[in-house]
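Understanding the architecture of this molecule
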Amino acid sequence: MKRLCTLLAATAALASCSSPEPAKPAPTPAPPATEGPLSPGSTTAGYTTTASGLQYKVVQPGSGRRPTAASTVTVHYRGTLLNGTEFDSSYSRGVPATFPLNGVIPGWTEGLQLMQEGAQYEFVIPSHLAYGTRGAPPDIGPNETLRFVVALIRVE
């Protein structure tokens, strides 16, 4: 939870910096576009790629409520780099994380809206839907693609 809070705080701090760009509304989930591999040329099956580039695989379907970008969610998750290096995990802490869905990286905001309570998904989040060129030092470098396994426990 501390790592997630740190990442959320870093994201919020960076977002609040002066920028000539106007604030953008929270992304809405894009419909599934194509079946897609983890990386160009890969033959890994089972992943769906949305129009934004988010890739997801349903590990376990759910049957409960589906969140909106304005929802607060409770999840268990494990985040790794593509090389397998874990940078954060609520499972390791033994405590699920609760947070507003519109306060996290765009890949999470989009991806969790595809889920229902009780579901577990794997997300492969390209850098433009994660931390982009700035990264999230010290664990996440610039232009890193991230992988998350997320179990959606509750939608508020």
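Because the structure is a prediction, the values reported are computed rather than measured.

Looking now at the overall build of the chain. Along the backbone of the chain there are three helices and eight strands. Moving toward the C terminus, one meets the helices and strands of the chain in the order α-β-β-β-β-β-α-β-α-β-β. Residues counted as buried form 42% of the 156 residues belonging to the chain. Taking all contacts inside the chain whose residues are at least 6 apart in sequence as the whole, residues at least 24 apart take part in 65%. Carbon together with sulfur atoms contributes 57% to the accessible area of the chain, which is approximately 7,900 Å² in total.

Bringing the environment of Arg154 into the picture now. Within the secondary structure layout, Arg154 lies in strand β8 (residues 146–155). Separated by 87 residues in the primary sequence, Arg154 and Pro67 have C-alpha atoms spaced 8.9 Å apart. In this structure Arg154 touches Thr72, Val73, Thr74, Thr98 and Glu117, once residues within four positions along its chain are discounted.

So, on to the side chain of Gln55. By secondary structure assignment, the location of Gln55 is in strand β3 (residues 55–60). Here the side chain of Gln55 touches Thr49 through a polar contact of 3.2 Å, side chain to side chain.

On to the side chain of Thr80. Residue placement: Thr80 occurs in strand β4 (residues 72–81). Other than its neighbours up to four places away in sequence, Thr80 contacts Thr85, Glu86, Phe87, Leu146 and Arg147.

In this structure, the amide linkage connecting Pro137 to the following residue, Pro138, adopts the cis form with an omega of 5°. Unlike most non-glycine residues, Asn143 shows phi in positive territory, near 60°.

Let us look at the pattern of salt bridges. For the coordinates displayed, the defined rule picks out five salt bridges. Note that Arg78 and Glu86 form a salt bridge whose closest N and O atoms lie 2.6 Å from each other. Taking relative accessible area as the criterion, Glu86 reaches 35% and is therefore assigned partly exposed. One salt bridge in this structure joins Arg147 and Glu122, with 3.6 Å as the shortest N-O distance. Here Arg147 is found in strand β8, whereas its partner Glu122 is found in strand β7 (residues 120–125), with 25 residues between them in sequence.

What follows deals with the packing of aromatic side chains. Overall, the coordinates contain six aromatic pairs when judged by the stated rule. Judged by centre distance (5.6 Å) and plane angle (90°), the ring pair of Phe87 and Phe148 falls under edge-to-face. With Phe87 in strand β5 (residues 86–89) and Phe148 in strand β8, the pair connects residues that are 61 residues apart, well separated along the chain. With respect to class, Phe87 is no different from Phe148; both count as buried. Between Trp108 and Phe148, the aromatic rings sit 5.0 Å apart at their centres with planes inclined by 90°, giving edge-to-face as the arrangement. Remark: Phe148 occurs in strand β8 and Trp108 occurs in helix α3 (residues 106–112); sequence separation between them is 40 residues. Note on accessibility: Trp108 and Phe148 belong to one class, buried. Here the aromatic cluster, defined as three or more aromatic residues joined through ring pairs, consists of Tyr77, Phe87, Phe99, Trp108 and Phe148.

Conventions we followed
- Residues numbered from 1 in each chain as written.
- Predicted model: local features only at pLDDT ≥ 70, side-chain atom pairs only at ≥ 80, totals over all residues.
- Heavy atoms only, no water.
- Helix = DSSP H or I, 4+ residues; strand = E, 2+ residues; numbered from the N terminus.
- Buried < 20%, exposed > 50% of the residue type's maximum accessible area, 1.4 Å probe, protein only.
- Contact = heavy atoms within 4.5 Å.
- Areas by Shrake-Rupley, 256 points an atom, 1.4 Å probe, with all protein chains shown as cover.
- Polar contact = N/O pair within 3.5 Å; in protein donor to acceptor, adjacent residues only side chain to side chain.
- Salt bridge = Lys/Arg side-chain N within 4 Å of Asp/Glu carboxyl O.
- Phe/Tyr/Trp six-rings, centres within 6.5 Å; stacked < 30°, edge-to-face > 60°.

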